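Residues per chain, in single letters:
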Amino acid sequence: MNGLQQVNRHVIGFRTSQRSAEVRGCGQQSLTVRDHAPRQHGQAYPPKHGLQVFDPPGGTSTPHGTAAHASPTPYRTGRLGHGLPTSGHGTLRVCPESWTPRAIWRAKVQSLPHPAENRAFRRPAIRYHLRFADPRKGAMTSRNTALQTPSSNTTIAVWLLLAAGVGVCVFGLMTVDLYAALPAYRFRDLLWLALGGLALALPLRFLLRLPWVIAWCLAMAGIHVAGLNLGPVLCVIALAAAALALGSRVLSRDADTSTATQVILGLAMLAALLGWLLPYPVHTRLCYIAMLAIPILWRRDALRDALASWRTSIRQAGDTLPSFSVTVLAFVLAMIATAAWLPVMMSDDVVYHLALPAQLIESGHYHFNVTDQVWAVSPWANDVLHAVVMMLSGQNEIGALNSLWLLLGASLFWRVAGRLDCSPAWAFLGSALFFSVPLFHMGTNSMQTELASTAVVLALLDHILAQPGNTPGRHIVVTAMLSSFLLALKISNVAILAPLLIWWLIRQRPFAIKPWLIGIAVGIAIGGSSYAYAWILTGNPVLPLFNSVFQSALMPPTNFTNPTYHGLLSWDVLYQMSFDSSRFMESEDGTFGFQWLGLSGLLLLALFDRRLRPLLCVGLAGVIILFVQMQYLRYLLPALAVLGVVLTVVLSRLRPEWLSKTLVVGLCVLNLYFQCQSAPPLRQGTVSEVLRQGLHHYRNSLLRTAAPERLLLDGWRTRLGPYATVFAGTNPNVAELAGRGHTLSWYAADYWARMPVMEADTSGQAYLEYFNELGVDHVLIRPEFASPALMAALAQRGEWLDSQGAAMLYRLRWPAADLQVAPDIVLPDQAGLIKRFPVDPAIPAVGAAEITLRCGKKGWGVAVNHVARGDFGERKLDSQVNFCGAGHELKFKTSALLPDGTKEWEVQVQTYTADNPLDILAAKAWLRPDSARRHDHAAELRLF
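1. Brief notes about the nonpolar core
- Counting residues in hydrophobic clusters, the biggest one holds 213 residues, and the most contacted among them are Ile264, Phe368, Trp405 and Phe485.
- By residue number, the principal contributor to this core is helix α24 (residues 637-652), which donates 12 residues.
- Each of domain 1 (193-571 + 656-667) and domain 2 (708-812) accounts for three or more of the residues forming this core.
- For Ile264, the residues in contact, after removing those within four places along its chain, are Trp405, Leu408, Leu412, Ala455, Val456, Ala459, Leu482 and Phe485.

As structure tokens, this is what we get:
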């Protein structure tokens, strides 16, 4: 089946009429007729419909001999009144030898006269939803249409309503200065990407003889993947394959579901498993490889079938896909996703989102460090999935996984719109319009959860719209999995989840007890890990939110709030959100997208459609619940996805169609033009700068401006040693230090309360005492934000090491003991010495040593060993061996993490080769507290 086109755009009143539609295709075609016309409560309604198929060669209408007529089953009869549509369906078989690939079959739905007593309950506007399936393709490939009775007066009113919204939008674009912050070459990004796509698509089109739409999609995908690192891309493919293997076990391909939903279900299960295992030291690359390999091998046959189905679909899609709409969607997604090429640099990411992956990689478990980061126990499902990619690839890259979320969201948007009788062309265009919103551009460069939450909301919406079929119990369980996954991503998703579930309960009425119990248990397993651990550790399952209710000692007993985004409600708030976006988010103006203002009037039309009305109410409820509490734009994206679907369906019914499509494409281009406004680090654009500077240099230049601390830490990580403790002042960009970074920001509530005392001591002594307490040996600051008290402390004990952009790195000198003064053991023949230090067993500590020796000759070796003693006995720790090179000196900088309960630390310096007397120039060692272990609460949560 290659297409379905509505022949009659204007259909007269009902009476005894005929409705016609053209169907391209062949094989067994099934027809479903659904009637949504209003009925009086309690009235029986027994009409019948017939289906006639014609093969009109040369324009004639001679009935086809082998399938001239097929009658669907009659509508259900009986007493109606629940508002449910009556439906009937029939199957028409067409001989394979009677068609050609481009043949046009004309299906006529003929209505029989109604009984006279029932005509009064009819109105002229009756819609037929035709769904055609070709079983030889192995899956439903439907083209839905809604045949309506438009009114000329209604059409004029609709376009006047649309013109009013577009006029307000144009007025704002002409009167508000949105362009001052935009780079002058904004359109170059769009132009370069389009030219690059053409340069790749044309050879694919003519050399490989691929359909244009397939060649263009491959070109856009190739350009996008070229901007990503190969390692994370391969890891995301493996992650998606494992997720599909698990998800297809829960929701088989025979059910009315999509591959995207199966992948999301699998991701939910993987995130849940790792979430509950966060306190345990099992997070290694080998374990993660096994975690992905087991489901892939277990379900390899299902994956092979899915791959074969995809190949078949792609091969046949060239003639069936609406080329223009798919071309627009592919371009929009590729343009929005260019931010995925860039490094991790958004504020929340470098403040706390990177902490979980960094700690799993560094320590093998999560620290639950709520002392230094109040968000440490907030929902972490998305961070856990990013940790899998980072662990396997060895790179702190997030673009590949964000691209997967974007692709899943776009696929599900198209599917949900199709379920609501939107043509494929409009479903693709609607998806392009929604995902062209500039906020998604920032989302592809962030570990924030709104991109993932949007995809999961669309998966849940698609699942709710699907019929439970013969497995209502499984339908409830899958609903519970998707709902709990939303809560595992972010607690604020409850604002859209609650209306969705209420609508689902009204729609499906799932009252069976056993599936409910199973669904609740599965939901707790999927989404409960962060809330359970937070409650056990802090007494507040949603820390730092609602602390006036839970009274956790880690925070003041008040509700967390950000006054910056309160008090912004007004009668023209939609206009302000569109043209004064910087008041509602840390962004530039124009980031909200312009369709919400220009097309908002069309949402009123959904009130007159019984299928769209509940979706409109759900979307508006989600937006209002969130926006009344905090006027913050990014949080609205999951709820806006529901409204985006409604808007797409309404747009698809406007006539003339060419005008509405032109309007949608224009809004897409306008949104893409302002996409660099979505976050300050993205203001320069992407494509033009990558072509001008090269991707590597552009990434570094962005980091030097937005997150220079990351550049400094990357360059000095090996020289700082694995146990360095860094203080970052009031700038908390130290998440990737895996628990060894400390700040004086509100994220660390206890130390934030101490800051006024330290700031008041201009001598710097209060800061030095604070450093001694935490064991800080490096300071990472931006001098323009450093106080006189902090600079005084650095003047006394600081040693400048390096700077990048606005960030500077200092080393703190600790009081050290000379190893050559009164050593405990001196080895004969100057072969070495041993020095022992007492340790307080109650305080976790790090031992460090710096030794400089004169080399006798090249090739001589020297070893420095660390030994710990306590009730556990004697334990040999880190050992470092260096050999003399061409220089005259050999330098050691070693450190050791002393086990808990250590009472004595021993440093051994001895020759590694025979006849090599030591000539020590300087040797010193010192102990300092290890605050990273002191703030590691994972052991408190382990059951074994």
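2. As for the packing of aromatic side chains
- Counted according to the given criterion, the structure contains 37 aromatic pairs.
- Each ring, one from Phe584 and one from Phe627, has its centre 6.1 Å from the other, and the planes form 25 degrees; the classification is stacked. With Phe584 in the loop between α21 (573-579) and α22 (595-598) and Phe627 in helix α23 (residues 613-629), this pair connects stretches of sequence that are 43 residues apart. The burial state of Phe584 is the same as that of Phe627; both residues are buried.
- Members of the aromatic cluster, each reached through a chain of ring pairs, are Phe187, Tyr575, Phe579, Phe594, Tyr673 and Phe674.
- Positioned over the ring face of Phe206 is Arg205, at 5.8 Å from the centre of the ring.
- For the cation-ring pair, Arg719 lies above Trp716, with the distance from its terminal atom to the ring centre recorded as 3.9 Å.

3. Structural notes on the environment of Arg928
- Here Arg928 shows up in strand β21 (residues 920-929).
- When residues no more than four places from it in sequence are discounted, the contact partners of Arg928 are Tyr723, Ala724, Thr725, Gly775, Asp777, Trp814, Pro844, Ala845 and Val846.
- Polar side-chain contacts of Arg928 include one of 2.5 Å to the backbone oxygen of Tyr723.
- Within the local environment of Arg928, its side chain forms a polar contact with the backbone oxygen of Gly775, the two atoms lying 2.9 Å apart.

4. Details of the pattern of salt bridges
- Enumeration according to the criterion identifies 28 salt bridges in this entry.
- Notably, a salt bridge pairs Arg611 with Asp421, separated by 2.4 Å at the nearest N-O pair. One end of the pair, Arg611, is in the loop between α22 and α23; the other, Asp421, is in the loop between α12 (399-419) and α13 (424-435), with 190 residues separating them in the sequence.
- Classification of Asp421 by relative accessible area gives buried; the value is 8%.
- With its nearest N and O atoms 3.3 Å apart, the salt bridge here joins Glu736 to Arg717. Here Glu736 is found in the loop between β8 (726-727) and β9 (741-742), whereas its partner Arg717 is found in helix α28 (residues 708-720), with 19 residues between them in sequence.
- Residue Glu736 is classed as buried on the basis of its relative accessible area, which comes to 9%.
- Three or more residues are tied together by salt bridges with common partners; here these are Arg836, Arg869, Glu874, Glu904 and Glu906.

5. Overview of the state of the cysteines
- One pass over the structure, following the stated rule, counts 1 disulfide.
- Across the disulfide, Cys855 is cross-linked to Cys884 (sulfur-sulfur distance 2.2 Å). Every disulfide takes its handedness from the sign of the S-S torsion; for Cys855 and Cys884 that torsion is -85 degrees, giving left-handed. Residue Cys855 is found in the loop between β16 (845-854) and β17 (861-870), and its partner Cys884 is found in the loop between β18 (873-883) and β19 (889-897); the two are separated by 29 residues along the sequence. As far as the burial class goes, Cys855 and Cys884 line up, both buried.

6. Topic: the sheet that holds β18
- Ordered by their spatial adjacency, 5 strands build an open sheet running β14-β15-β20-β17-β18, and the pairing between neighbours is antiparallel. Single-partner strands in this sheet number two, and they are β14 (825-827) and β18. Each strand axis lies, on average, 15 degrees off the axis of its neighbour in the sheet, ignoring direction.
- With 3 bridges connecting them, β14 and strand β15 (residues 832-838) associate as antiparallel partners. Bridge pairing in β15 links Ile825 to Ile834.

7. Describing the sheet that holds strand β11 (residues 798-804)
- Reading across from one edge, β9-β8-β10-β12-β11 is the order of the 5 strands in this open sheet, with mixed pairing throughout. Here the strands that pair on one side only, and so sit at the sheet edges, are β9 and β11.
- Sheet topology places strand β10 (residues 778-781) next to strand β12 (residues 807-812); 4 bridges connect them, and they run antiparallel. When the bridges of β12 are listed, Ile781 appears paired with Met808.

8. Some words on the packing of helix α8 (residues 323-336) against α13
- Close contact between α8 and α13 brings their axes to 8 Å; oriented N to C, the two are set at 20 degrees. In terms of orientation, α8 and α13 fall into the roughly parallel class. For the crossing formed where α8 meets α13, the hand is left-handed. Contacts from Phe324, Ser325, Val326, Val328, Leu329, Val332, Leu333 and Ile336 of α8 reach α13 at Ala425, Phe428, Leu429, Ser431, Ala432 and Phe435.
- The residue makeup of the contact of α8 with α13, split by class, is 12 nonpolar, 2 polar and no charged.

9. Describing the confidence of the model for the protein chain
- Overall, the predicted model of the protein chain reaches an average pLDDT of 81, with 82% of residues at or above 70.
- This model gives residues 1-152 a pLDDT under 50, and the stretch forms 323 contacts once residues within four places in sequence are excluded.

10. A word on the pairing of β21
- Bridge analysis of strand β13 (residues 817-818) against β21 gives 2 bridges, and the strand direction is antiparallel. Within the sheet, the bridge partner assigned to Asp818 lies in β21 and is Lys924.
- Pairing between β16 and β21: 9 bridges, direction antiparallel. Looking across to β21, one finds that Thr852 is bridged to Ala922.

11. Remarks on the packing of helix α4 (residues 230-250) against α12
- Closest axis-to-axis distance for the α4/α12 pair is 8 Å, and the angle between their directions is 45 degrees. Taken together, α4 and α12 sit at an angle that is classed as oblique. Helix-helix and strand crossings are classified by hand; for α4 and α12 the assignment is right-handed. Where α4 abuts α12, its residues Pro232, Val233, Val236, Leu239 and Ala240 lie against Ala400, Leu401 and Leu404.
- Considered class by class, the residues forming the contact of α4 with α12 number 8 nonpolar, no polar and no charged.

12. Some remarks on helix α29 (residues 749-760)
- Of all the residues in α29, the buried ones are Ala749, Tyr751, Met755 and Met758. Projection of α29 onto a plane perpendicular to its axis shows the buried side chains occupying an angular sector of 150 degrees, all on one side. Those residues of α29 that are exposed and aimed more than 90 degrees away from the buried face are Ala753, Pro756, Val757 and Ala760.
- Where α29 is buried, its residues touch α30 (765-774) and α31 (788-797).

13. Quick look at helix α10 (residues 355-363)
- Burial in α10 covers these residues: Ala355, Leu356, Pro357, Ala358, Gln359 and Leu360.
- Among the structural elements, α6 (285-298), α9 (347-353) and α11 (381-393) are those in contact with the buried residues of α10.
- At the exit of α10 stands Gly364, carrying a positive phi of roughly 85 degrees.

14. What about unusual backbone geometry?
- Looking along the chain, the bond that leaves Leu543 and enters Pro544 is cis, with omega of 5 degrees.
- The amide bond that connects Arg655 to the next residue, Pro656, takes the cis arrangement and shows omega of 5 degrees.
- Along the polypeptide, Pro656 turns up in the loop between α24 and α25 (657-673).
- Phi angles above zero are rare outside glycine, and Asp421 is one such case at about 65 degrees.
- Phi is positive for Gln551, close to 60 degrees, though the residue is something other than glycine.
- Along the polypeptide, Gln551 turns up in the loop between α20 (547-550) and α21.

15. Remarks on the pairing of β16
- Counted residue by residue, β16 has 9 buried out of 10 residues, so it is predominantly covered.
- Across 9 bridges, the pairing between β16 and β19 is antiparallel. Bridge pairing links Val846 to Leu897 in β19.

16. Regarding the side chain of Asp777
- Locating Asp777 in the fold gives a position in the loop between α30 and β10.
- A relative accessible area of 10% places Asp777 in the buried class.
- Of note is the side chain of Asp777, whose polar atom sits 2.8 Å from the backbone nitrogen of Thr725.
- Within the structure, the side chain of Asp777 is placed 3.2 Å from the side chain of His778, a separation counted as a polar contact.
- Not counting the four nearest positions on each side in its chain, Asp777 is found in contact with Ala724, Thr725, Tyr810, Arg811, Leu812, Trp814 and Arg928.

Rules of the game
- Residues numbered from 1 in each chain as written.
- Predicted model: local features only at pLDDT ≥ 70, side-chain atom pairs only at ≥ 80, totals over all residues.
- Heavy atoms only, no water.
- Core = buried A, V, L, I, M, F, W, Y, C linked by side-chain atoms within 4.5 Å.
- Buried < 20%, exposed > 50% of the residue type's maximum accessible area, 1.4 Å probe, protein only.
- Helix = DSSP H or I, 4+ residues; strand = E, 2+ residues; numbered from the N terminus.
- Domains from an automatic or database assignment.
- Contact = heavy atoms within 4.5 Å.
- Phe/Tyr/Trp six-rings, centres within 6.5 Å; stacked < 30°, edge-to-face > 60°.
- Lys NZ or Arg CZ within 6 Å of the ring centre and 35° of its normal.
- Polar contact = N/O pair within 3.5 Å; in protein donor to acceptor, adjacent residues only side chain to side chain.
- Salt bridge = Lys/Arg side-chain N within 4 Å of Asp/Glu carboxyl O.
- Disulfide = S-S within 2.5 Å.
- Pairing = 2+ DSSP bridges.
- Axes fitted to C-alpha atoms, helices over the stretch in contact; angles between N-to-C directions.
- Parallel < 35°, antiparallel > 145°, perpendicular 65-115°, else oblique.
- Left-handed = near helix turned anticlockwise from the far one by under 90°.
- Nonpolar A, V, L, I, M, F, W, Y, C, P; charged D, E, K, R; others polar.
- pLDDT = per-residue confidence, 0-100.
- Arc of directions from axis to C-beta.

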